[in-house]
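# Commentary on secondary and tertiary structure
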Amino acid sequence: MSNSEVHEIFRDIEERFKHRTLKSAEHNARAKHRLPGGDTRTATFYKPYPAYMVRGKGCYLYDADGNEYIDMLNNYTSLIHGHAHPKVMQAVRDQLESGSVFGSATEIQYFHAEHLCARVPSLDLVRYNNSGTEATMFVMRAARAFSGKDMFIKMDGGYHGSHDFIEVNVFPRQASQPGAEGLPLPVVEAGAPKSVLNDMLVVPFNDLDAVEILLKKYEGKIAGVILEPILGASGMVTPQPDYLKSLRELTDRYGALLIFDEVITFRISTGGMQKDQGVTPDLTAMGKIIGGGFPVGAFGGRKGIMDVFDPNRPNALFHSGTFNGSDVMMAAGLATLELYDQGAVDRINALGAKLRNGIEAAFKKEGIRGQSTGLGSLAQIHWRSGKITNAMDSAEGFSRAGDLPRFLHLELMNRGFYSAPRGMLAISTAMDEQIIDKFFEAFAGALDLLKPYVVEQAPHLLVP
Ligand SMILES: Cc1ncc(COP(=O)(O)O)c(C=O)c1O
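Residues numbered from 1 in each chain as written. Predicted model: local features only at pLDDT ≥ 70, side-chain atom pairs only at ≥ 80, totals over all residues. Heavy atoms only, no water.

### Quick look at the pattern of salt bridges
- In the structure shown here, the tally under the stated rule is 15 salt bridges.
- Taking the shortest distance from any N to any O, the salt bridge between Arg248 and Asp282 comes out at 2.8 Å. Here Asp282 lies in the loop between helix H9 (272-277) and strand S11 (283-287) and Arg248 lies in helix H8 (residues 243-254), a separation of 34 residues in the sequence. Each member of the pair, Arg248 as well as Asp282, is classed as buried.
- Close ionic contact of Glu433 with Lys354 constitutes a salt bridge, the shortest N to O distance being 3.2 Å. Placement of the pair is Glu433 in helix H15 (residues 433-457) and Lys354 in helix H12 (residues 342-366), with a sequence separation of 79 residues. (Salt bridge = Lys/Arg side-chain N within 4 Å of Asp/Glu carboxyl O. Helix = DSSP H or I, 4+ residues; strand = E, 2+ residues; numbered from the N terminus. Buried < 20%, exposed > 50% of the residue type's maximum accessible area, 1.4 Å probe, protein only.)

Dropping the structure here:
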């Protein structure tokens, strides 16, 4: 196959996408006049334009042209029961009849808090807000207020939302710090002030030595180590055995707080990754599924730390927000959590294992080097072989795969599956084995279609 014939495959995928999404193209042409790129969330944008979704039910999504998709994205892992679960919708309707938010303490807020604290080992007390971004922002503020220290260690490629202090090495960096070989160069992402680098230190995920070097070097100055127990946006990279446990020991030894961002990983068990791994952090940030499909964030931890927010205390830390703990979100979240019991966790985690195994089997059958990382109901497609232990490992695979991830995503849409453009997949309780089998059919078909490109443009991905 010639170079131009290979590119014909991509043209064909895009043309078929455009042909099925004529109304979305119209929406995009109009939306672009008022929303940069016609979208309001960078992660949900893809070229040539995103399909404009109009309806969701269970594990199905429908776009403006009436195309049906099996939703393997679930609003970036947040819709644990898929779309419009009848019990969640009923809870929302019941609450709406009485009003959506009261600007006051309400009982459903402490019902939700009681439920969360009973599930998540690190939680004695929690506070609510409206996003995972706010949750990680306030979890860091709590750590500073409690410890009297300003510095944090974060992971290279760690994503915790979009407040300034955490906008450091969201995209992993190859370069090492001068004089500290092996430690990634801390770089602030565009738009955040460079001054945050005074207080933010960066280590590769799964590298305990790097954490110890920094804890030692800055002893007495580090408020905490913040991490996702599974690196999510950077490729669903799982911790090596005992990594989290050793981090617990290290932070205790050097007097720093251990902070888990369980915005995504809460779904791994009934009490998050911390319960699954038997490692209790000092503080935890949460979001996504605990709001039942509505905007939410929560953060909490040991009573001794969270007491900094108790307004009865002199000089209590001020934490407010017009929609904090809004009643509709609390009602939806509580109904959602009540449905997400051990049986539900076990069922979708088994589907997740089936999904990851099936993806790897399809790559193998096609003779392409690829794999799927993740845990529980989470999966990420990678275009590379070999171990993936940190964000750089993941990023290297993507940077060498050229346009393959983009066109795999588009072709999966052509075949009726909606996933993250970066190849992340999340199972909902609305799915069953047949849905996963259907995904395998679509995935194998898409790989087959893309194989000539691999042969011509990415031969390093061919299994000899
Ligand atoms: C691990 C993690 N933390 C924090 C956030 C930010 O949450 P939100 O988008 O609700 O601000 C996300 C969002 O994807 C996330 O994956």
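### Some remarks on the domain arrangement of the chain
- Each assigned domain of the chain is listed here: domain 1 (3-80 + 343-461) and domain 2 (86-339).
- Using C-alpha coordinates to define each centre, domain 1 is positioned 28 Å away from domain 2.
- On the side of domain 2, 30 residues touch domain 1, which itself brings 31 residues to the contact.
- Viewed at the interface, domain 2 and domain 1 are joined by zero salt bridges.
- Secondary-structure elements contributing two or more residues to the side of domain 1 that touches domain 2 are helix H3 (74-77), H12, strand S14 (378-382), helix H13 (391-400) and strand S16 (424-426).
- Per-element tally for the side of domain 1 that touches domain 2: the top contributor is H13, with five residues.
- Classifying every residue of the side of domain 1 that touches domain 2 gives 16 nonpolar, twelve polar and three charged. (Domains from an automatic or database assignment. Contact = heavy atoms within 4.5 Å. Nonpolar A, V, L, I, M, F, W, Y, C, P; charged D, E, K, R; others polar.)

### A look at the site of the ligand
- If you check the shell around the ligand, you find Ser131, Gly132, Thr133, Tyr159, His160, Gly161, Glu228, Asp261, Val263, Ile264 and Lys288 and nothing else.
- In the environment of the ligand, an oxygen atom lies 2.8 Å from a nitrogen or oxygen atom belonging to the backbone of Gly132.
- Within the side chain of Lys288, a nitrogen or oxygen atom sits 2.8 Å from an oxygen atom of the ligand.
- The fraction of the free accessible surface of the ligand (390 Å²) that becomes covered by protein chains is 82%. (Near = heavy atom within 4 Å. Polar contact = N/O pair within 3.5 Å; in protein donor to acceptor, adjacent residues only side chain to side chain. Areas by Shrake-Rupley, 256 points an atom, 1.4 Å probe, with all protein chains shown as cover.)

### A few points about empty space enclosed by the protein
- Enumeration according to the criterion identifies one cavity of 30 Å³ or more in this entry.
- Considering the residues around the largest cavity, the lining is formed by 13 residues, among which Pro405, Leu408, Pro421, Arg422 and Gly423 are closest to the centre.
- Sorting the residues of the lining of the largest cavity by element identifies S14 and helix H14 (404-414) as the ones contributing at least two each.
- For the lining of the largest cavity, the leading source of residues is H14, giving four residues. (1 Å grid on protein atoms, 1.4 Å probe; cavity = no way out; pocket = protein on both sides within 12 Å on 5 of 7 lines; lining within 4 Å. Points joined across faces, edges and corners; volume = space filled by probe spheres on them.)

### A short note on the pairing of strand S2 (residues 60-63)
- Pairing analysis gives four bridges linking strand S1 (residues 53-57) to S2, with the strands arranged antiparallel. Within S2, the position partnered with Met53 by the bridge is Asp63.
- The loop that links S1 with its antiparallel partner S2 comprises two residues; one of these, Gly58, has a positive phi angle of about 60°.
- Pairing between S2 and strand S3 (residues 68-71): three bridges, direction antiparallel. Counterpart to Tyr62 in the pairing with S3 is Glu68. (Pairing = 2+ DSSP bridges.)

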